[in-house]
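So the chains spell out like this:
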2 protein chains.
Amino acid sequence: MEKVRREKWSENFSEWYNELIETAGIQDKRYPVKGMNIWLPYGLKIMRNIEKFIHSEMERTGHEEVLFPALIPETEFQKEAEHIAGFEEEVFWVTHAGHDPLDVKLILRPTSETAMYSMFSLWIRSHADLPLKIYQIVNVYRYETKHTRPLIRVREISRFFEAHTAHDSYEEAERQIREDLEIFDRLAKFLALPYIVSKRPEWDKFPGAYYSLGAEVMMPDGRTLQIGTMHNYRQNFAKAYNIQYETESGEHEYVHQTTFGMSERLLAAVIGIHGDDSGMVLPPTIAPIQVVIIPIPMKEADADVFAYAREIAEELRTAGIRVQVDERDIRPGRKYYDWELKGVPVRIEVGPKDVEGKKAVIARRDTLTKEVVERAKVVEAVRRTFDEIMENLYNRAREFLESHIKRVDTIEEAKAVFEDRRGIVEIPWCGSEECGLKMEEELDAKMLGIPYPEENARAPEGKKCPVCGREAKFIARFARTY
Amino acid sequence: MEKVRREKWSENFSEWYNELIETAGIQDKRYPVKGMNIWLPYGLKIMRNIEKFIHSEMERTGHEEVLFPALIPETEFQKEAEHIAGFEEEVFWVTHAGHDPLDVKLILRPTSETAMYSMFSLWIRSHADLPLKIYQIVNVYRYETKHTRPLIRVREISRFFEAHTAHDSYEEAERQIREDLEIFDRLAKFLALPYIVSKRPEWDKFPGAYYSLGAEVMMPDGRTLQIGTMHNYRQNFAKAYNIQYETESGEHEYVHQTTFGMSERLLAAVIGIHGDDSGMVLPPTIAPIQVVIIPIPMKEADADVFAYAREIAEELRTAGIRVQVDERDIRPGRKYYDWELKGVPVRIEVGPKDVEGKKAVIARRDTLTKEVVERAKVVEAVRRTFDEIMENLYNRAREFLESHIKRVDTIEEAKAVFEDRRGIVEIPWCGSEECGLKMEEELDAKMLGIPYPEENARAPEGKKCPVCGREAKFIARFARTY
């Protein structure tokens, strides 16, 4: 008896999303600077729950939290050539203070490599200082010229996560990338988000990186959203910022560096991927309110119903569940509407009959189905329902993702997939930049890269690159992206 | 048998403080922008513990957390005349993005009134929307031209707390100020910080405020440090930003507003006030490590000592105490030195004799005294010691504060107090700006204001203003300030 409707969600996702951000209390978009939005209390609470998980993963893996200034002197910013080239079009410049021009202009960090790495050269002296593993969650700034969209493409990313590490060898840096991928996987499961990882093509690496990995999810309109990146810098920044360490045998070597980045896009993915026409559907793991209890009074028996609701709430609270009783003086239907919009995973309805029969009605937000349970088993039923919701959200999203990845052999087949902007296509590719760029142009799509790990990236024997006709080396993924 | 030395701390506080910030791992001051420092992991952990308490107080009192953008358009910034006048000398200007000048220049927020209040005018419609109580902890920017000092006077305040409220009457705004004072008092007790509250003179109010309160602590060199402010704006900003609500009877009225501000200066106060020549002394409430256990092995009995230390640690951890065993392969004396510097409140030493006799030595950081306790009573002893430390820190600081407030009748007496820059003087004052400014000049000190609440601010009968000789209305406080 599934009653979930996902018409507007799938047919008109962009409008659905923009509306929801405001109606569900995530952000206010009316701030008078383009691409800069205000976090509202409810949205911020969800984001804080995501961050709590990130903090605990960072602690588990021995990263330490730091906070660097948001302003970077022009002189520091300009030490690594590729990095400047990649960002100079999109940095905000602080040129004056009070009434005076600054001696050295400052940029608002678009990311913190150039803020951090001259300090790394002071902090790192010997092999005993390695690995160095730090992270911060901060506001960063990018002068986006494309259409902006809350949480997804903004000029102020208020919740930007960046981990930076330094190691004594390429192998150790590679091990770090594997750890990042493992952390990312745990986080994605915590958010019930299936994803794919691709190794970006040379022309789309992070500016200054030796290679870049990107993790993508599939949004309802078939466009992909990058929600995590991992970069191996090799010794590139180490050379620009002179980050050397003394080896055990007394030589001086440059460190190997990596970064791992995420942002409030994680929340955009949760909202987009799990939602439906009634609003958000939050995974219980991050819902600020996991259970809302709606007392449904009849004229004669009000007191009992409210007392019963509060008693259940108290029991859930004691069990560590975030619960709220909605005692507002409005109709239950209106309450259902509000909490469905806000994505509360479980609703418990209690009326006089439930009090009498020692029962409660448990409604699931993800399926919009109901179940009657014994009063004595409410805690147990809620816990089980949480597990079922997590599983259902993940499976539903995985089916959606998998059914939107198509493997094709020709440009024409690929074009057909994109005709309704649906999904990812995988095409055999010779590996040359020329053919890659040509396909991007023909398909009006971005090459996400080749599947990672690279064992999965090899083209099957006999496949040809559809542009040059040569033997294909790789499978390349293309998508319309956010 | 108190062995605490406070010579350097009191004689050469400025140097003591600047050194400690780096040696104890609070901040790195070598970032290449003046007045902008890097939070190191240990310092940030302490600050996070302070913030956790603030978050829980905000939740307790019904404030909701939000996050506003850090950039404010020039046009919004310029709506309230006094406010601009107060800040225009010290704002950083963002004038360009990429290679282009911006159409509307942006300032980096020095505080968020002008970012928030045009949104308040959209959010507040009717009396039912009031009170509105929000807060955020964010980075703010002030182009300080005076000498900068970590956590105290900086160009980037990275941990700026600001609560903003709107009410339907002056009385409700006044009630909010009382709530702020109560929150502040609980926080100060949590940090073992005695303080005084003064109502600022007219010429030193927050720009745009109807009145301003400031909470000060006394630093070791006798200078005061403002660590909290509360402002009643009356309807001043409401008129500039058109924040009106509809009353129950259908009229439109401007709201009454207040703000409450604090910052990382809270940590500066903790470091300065509780410290000694061996380093920081952290209140157990905020210490990232509350107990450090030092195993003191003798050649024959190593394993026992380490196992014994870990066993005690496990027991403390289970009791909810933040504990660490220092198993580094260095001399115990070196370990004592490190942890004393970092202010860990309790050290437990265990040697072979303790293992044998089922004992442990508990050393207090605040008094540097030791006590032998039964193994079975370690948890209890640690808890009791925490209480004793909190009490001792508070009392020691209160005695220091109280002994540094002198009530005098003449400018000469006041000058004598300031001759060694020691403390606060209270002088009878007629209440005129002219005489107040004259005293500031003569004393080369700032008028903190009159004692708050104002019942305590009246001058005793017969006292004269030492400048004009008229009947004194108030007692005014003067100090050298940070």
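Residues numbered from 1 in each chain as written. Chains lettered and ligands numbered in written order. Predicted model: local features only at pLDDT ≥ 70, side-chain atom pairs only at ≥ 80, totals over all residues. Heavy atoms only, no water.

This is how it is decided: UniProt positions are given in the numbering used here, feature names are shortened, and annotations may be inferred rather than shown by experiment.
Looking at an unreviewed UniProt entry, one finds chain A named Proline--tRNA ligase, with Thermococcus waiotapuensis as its source organism. The annotation that UniProt attaches to chain A under Subunit (unreviewed entry) is "Homodimer." UniProt, in the comment section headed Subcellular location (unreviewed entry), describes chain A in these words: "Cytoplasm".

**Examining the relation of the copies chain A and chain B**
Two copies of the chain are present, and they differ by a rotation about an axis and a shift along that axis. For the record, the criterion: Fitting of the copies onto one another was done by least squares over C-alpha atoms, counting residues only where both copies have pLDDT of at least 70.
For these two chains of identical sequence, chain A goes onto chain B by a turn of 180 degrees and a shift of 0.0 Å along the axis, with RMSD 0.0 Å. Such a combination of rotation and displacement between the chain copies is what one expects of a two-fold axis. Closest to the rotation axis within chain A is the C-alpha of A:Val94, separated from it by 2.1 Å.

**Comments concerning the sheet that holds strand E8 (residues 156–167) of chain A**
Residue and element names in this part refer to chain A. Rule in force here: Should DSSP find at least two bridges between two strands, the strands are regarded as paired. Elements are defined by DSSP. Helices are runs of H or I of four residues or more, strands are runs of E of two residues or more, and each kind is numbered from the N terminus. In this analysis, two residues are considered to be in contact whenever any of their non-hydrogen atoms come within 4.5 Å of each other. Only the stretch in contact is used when fitting a helix axis, every axis being a line fitted to C-alpha atoms; angles between N-to-C directions are given from 0 to 180 degrees.
Pairing in this open sheet of 11 strands is mixed, and the strands run E3-E7-E8-E14-E11-E10-E9-E22-E23-E21-E20 from one edge to the other. In the strand order of this sheet, the two ends are held by strand E3 (64–65) and strand E20 (405–407), each with one partner. Here strand E7 (residues 132–141) pairs with E8 via 9 bridges, running antiparallel. Each bridged residue has a counterpart across the sheet, and for Tyr 141 the counterpart in E8 is Glu 156. Seen against the sheet, helix H6 (residues 113–123) touches E7, E8, strand E11 (224–234) and strand E14 (256–262) and runs at an angle of roughly 155 degrees to E7. The sheet contacts of helix H13 (residues 378–403) involve strand E9 (196–199), strand E10 (211–218) and E20, and relative to E20 the element is tilted by about 30 degrees.

**Regarding the environment of A:Gly272**
Residue and element names in this part refer to chain A. Basically, it comes down to this: Each residue is placed in one exposure class: buried if its accessible area under a 1.4 Å probe, protein chains only, is under 20% of its type's maximum, exposed if it is over 50%, and partly exposed if it falls in between.
With respect to the helices and strands, Gly 272 occurs in helix H9 (residues 265–274). Given the relative accessible area of 0%, Gly 272 is considered buried. Residues Gly 272 and Ser 14, spaced 258 residues apart in sequence, show a C-alpha to C-alpha distance of 9.5 Å. Every residue in contact with Gly 272, bar those within four places of it in the chain, is listed here: Trp 9, Phe 13, Trp 16, Met 219 and Pro 220.

**Side note on the pairing of strand E5 (residues 92–97) of chain A**
Look at any regular strand and the pattern is simple: side chains alternate between the two faces of the sheet. The buried fraction of E5(A) is high, at 5 of 6 residues. Inspection of the sheet shows E5(A) paired to strand E5 (residues 92–97) of chain B by 5 bridges, in the antiparallel sense. Bridge pairing links A:Trp93 to B:His96 in E5(B). Hairpin connection, E5(A) to strand E6 (residues 100–108) of chain A: the antiparallel pair is bridged by 2 residues, and A:Gly98 has positive phi, about 60 degrees.

**Some thoughts on the interface of chain A and chain B**
Rules: Two parts placed together each lose some accessible area under a 1.4 Å probe, and adding up what both lose gives the buried area. The term salt bridge refers to a side-chain nitrogen of Lys or Arg lying within 4 Å of a carboxyl oxygen of Asp or Glu. Residues adjacent in sequence count toward polar contacts only when both atoms are side-chain atoms; beyond that, a polar contact is any pair of N or O atoms within 3.5 Å, and within protein one must be able to donate a hydrogen and the other to accept it.
Contact with chain A, which involves 51 residues of that partner, is made by 51 residues of chain B. Interface area for chain A against chain B, summed over the two sides, is near 4,300 Å², with a carbon-plus-sulfur share of 64%. Taken as a group, A:Tyr31, A:Leu67 and A:Pro69 account for 14% of the area that chain A buries against chain B, more than any other trio of residues on that side. At the junction of chain A and chain B, the tally comes to 4 salt bridges. We note a salt bridge from B:Arg48 to A:Glu65, for which the minimum N-O separation is 2.6 Å. Across the contact surface, chain A and chain B share 24 residue pairs in polar contact (both at pLDDT 80 or more).

**Things to note about empty space enclosed by the protein**
All names here are of chain A. For clarity, the threshold we go by: In this analysis the probe radius is 1.4 Å and the grid spacing 1 Å, with only protein atoms considered; a cavity is a set of points the probe fits into but cannot get out of, a pocket is an open set with protein on both sides within 12 Å along at least five of seven lines, and lining residues have an atom within 4 Å of a point. Grid points are joined across faces, edges and corners, and a volume is the space filled by probe spheres set on the points. Each residue is assigned to one class: nonpolar for Ala, Val, Leu, Ile, Met, Phe, Trp, Tyr, Cys and Pro, charged for Asp, Glu, Lys and Arg, and polar for all the others, Gly among them.
Under the definition given, this model contains 5 cavities of 30 Å³ or more. In this structure, the largest cavity spans a volume of roughly 70 Å³. If you go around the largest cavity, the residues you meet are Arg 6, Trp 9, Met 218, Met 219, Pro 220, Ile 273, His 274, Leu 393, Arg 396, Ala 397 and Phe 400. Those elements that provide at least two residues to the lining of the largest cavity are H9 and H13. In terms of residues, the lining of the largest cavity owes the most to one element, H13, which gives 4 residues. Split into classes, the residues belonging to the lining of the largest cavity amount to 8 nonpolar, 1 polar and 2 charged.

**Re the domain arrangement of chain A**
Residues and elements named next belong to chain A. To be explicit about the condition: A domain assignment, automatic or from a database, supplies the domain bounds used here.
As assigned here, chain A comprises domain 1 (7–274), domain 2 (291–385) and domain 3 (405–479). Using C-alpha coordinates to define each centre, domain 1 is positioned 40 Å away from domain 2. At the junction of the two partners, domain 1 supplies 6 residues and domain 2 supplies 4 residues. A buried area of about 400 Å², summed over both sides, lies between domain 1 and domain 2, and 53% of it is on carbon and sulfur atoms. On the domain 1 side of the interface with domain 2, the three residues burying the most area are Thr 23, Ala 24 and Tyr 42, jointly 72% of the side's total. At the surface where domain 1 touches domain 2, the tally comes to 0 salt bridges. Where domain 1 meets domain 2, there are 2 residue pairs in polar contact (both at pLDDT 80 or more). Taken together, the residues that form the side of domain 1 that touches domain 2 break down as 3 nonpolar, 3 polar and no charged.

**Focus: the side chain of A:Arg365**
Residue and element names in this part refer to chain A. Checked against the element boundaries, Arg 365 lands in the loop between strand E18 (359–364) and strand E19 (370–374). In this structure the side chain of Arg 365 is engaged in a polar contact, spanning 2.8 Å, whose partner is the side chain of Asp 276. Filtering out sequence-adjacent residues up to four positions away, Arg 365 remains in contact with Asp 276, Ser 278, Gly 279, Met 280, Val 281, Glu 340, Gly 343, Val 344 and Pro 345.

**Some words on the pattern of salt bridges**
Tallied over the full model, the rule gives 86 salt bridges over all chains. One salt bridge connects B:Lys45 with A:Glu64, and the closest N-O pair in it is separated by 3.5 Å. Of the two residues, B:Lys45 sits in helix H3 (residues 41–60) while A:Glu64 sits in strand E3, which places them in two different chains. Residue classification places B:Lys45 among the partly exposed positions, given a relative accessible area of 40%. The residue B:Glu349 makes a salt bridge to B:Arg347 at a minimum N-O spacing of 2.8 Å. We classify B:Glu349 as buried; its relative accessible area is 6%. Take B:Arg347: its relative accessible area is 9%, and that puts it in the buried class. A cluster of three or more residues bridged by salt bridges with shared partners is formed by A:Asp326, A:Arg328, A:Arg334, A:Lys335 and A:Asp338.

**What to know about the packing of helix H14 (residues 411–418) of chain B against helix H15 (residues 433–443) of chain B**
Residue and element names in this part refer to chain B. Worth spelling out the cut-off: Orientation categories follow fixed angle ranges, with anything under 35 degrees roughly parallel, anything over 145 roughly antiparallel, 65 to 115 roughly perpendicular, and all other angles oblique. Definitions for this section: a left-handed crossing has its near helix turned counterclockwise from the far helix by less than a right angle. A right-handed crossing has that turn clockwise.
Between H14 and H15, the least distance of the axes is 10 Å, while the angle of their chain directions is 45 degrees. Relative to H15, H14 is oriented oblique. Handedness of the crossing formed by H14 with H15: right-handed. Note on element contacts: H15 touches H14 through Met 439, Glu 442 and Leu 443, opposite Ile 411, Ala 414, Lys 415 and Phe 418. Of the residues assigned to the contact of H14 with H15, the class counts are 5 nonpolar, no polar and 2 charged.

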